[in-house]
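If you want the building blocks of each chain, they are given just below.
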Amino acid sequence: SFAKLFPTLIAGSFYPQFSTLPKPKLKKEDVRELISSMRYYNSGEGFLNDLDQELDKEALRLIKCPTLILHSAHDASVSVDHPQHAKANIHQADMRMIANTWGHLLWVSTEAEPMIAEVIHFMEHKDQ
């Protein structure tokens, strides 16, 4: 309800949780995209439970398919240790660090377009 009434305020208050960069002047389209996507992120078990997930080395080593790991250099939510751990333990892992403004929210803003293109390319060529 608050997100519908005060989208820029809500987006601005969430920004420091997602990015280590200083908060920029938020673009209306970025705010709209963030607010519209927020309604889909709810396990029903609590926000912290959604974030508190960890796989051990043995589980990661069972992954045998090509794997693309994307992580923001400015992620304020997930330490770079997590994707590095995954890359070190998944046999066919390829990791990309992205220097985007929104940090953890890789898909927000037009900055996401090259990353999305890379994901599509990976999916189209994963068997080669």
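So, a few notes on the structure that sits alongside this text. Since the model is a prediction, treat every value here as computed from it, not as a measurement. (Residues numbered from 1 in each chain as written. Predicted model: local features only at pLDDT ≥ 70, side-chain atom pairs only at ≥ 80, totals over all residues. Heavy atoms only, no water.)

1. Notes on unusual backbone geometry
In this structure, serine 109 is a non-glycine residue whose phi angle is positive, near 85°. With respect to the helices and strands, the residue serine 109 is situated in the loop between strand S2 (93-98) and helix H7 (112-125). For serine 109, a relative accessible area of 9% translates into the label buried. (Helix = DSSP H or I, 4+ residues; strand = E, 2+ residues; numbered from the N terminus. Buried < 20%, exposed > 50% of the residue type's maximum accessible area, 1.4 Å probe, protein only.)

2. Observations regarding the nonpolar core
Core analysis: the biggest nonpolar cluster contains eleven residues, these being Ile10, Ala11, Tyr15, Phe18, Leu26, Val31, Leu34, Ile35, Trp102, Leu105 and Val108. Of all elements in the fold, only helix H2 (7-18) and helix H3 (28-38) reach the threshold of two or more residues within this core. Top element by residues in this core is H2. It accounts for four residues. Within the second largest apolar cluster, six residues are counted, among which are Leu60, Ile69, Ala86 and Ala93. (Core = buried A, V, L, I, M, F, W, Y, C linked by side-chain atoms within 4.5 Å.)

3. Here's the deal with the side chain of threonine 67
The residue threonine 67 is located in strand S1 (residues 67-72) in this model. Note on threonine 67: relative accessible area 15%, which makes it buried. Here the side chain of threonine 67 touches cysteine 65 through a polar contact of 3.0 Å, landing on its backbone oxygen. (Polar contact = N/O pair within 3.5 Å; in protein donor to acceptor, adjacent residues only side chain to side chain.)

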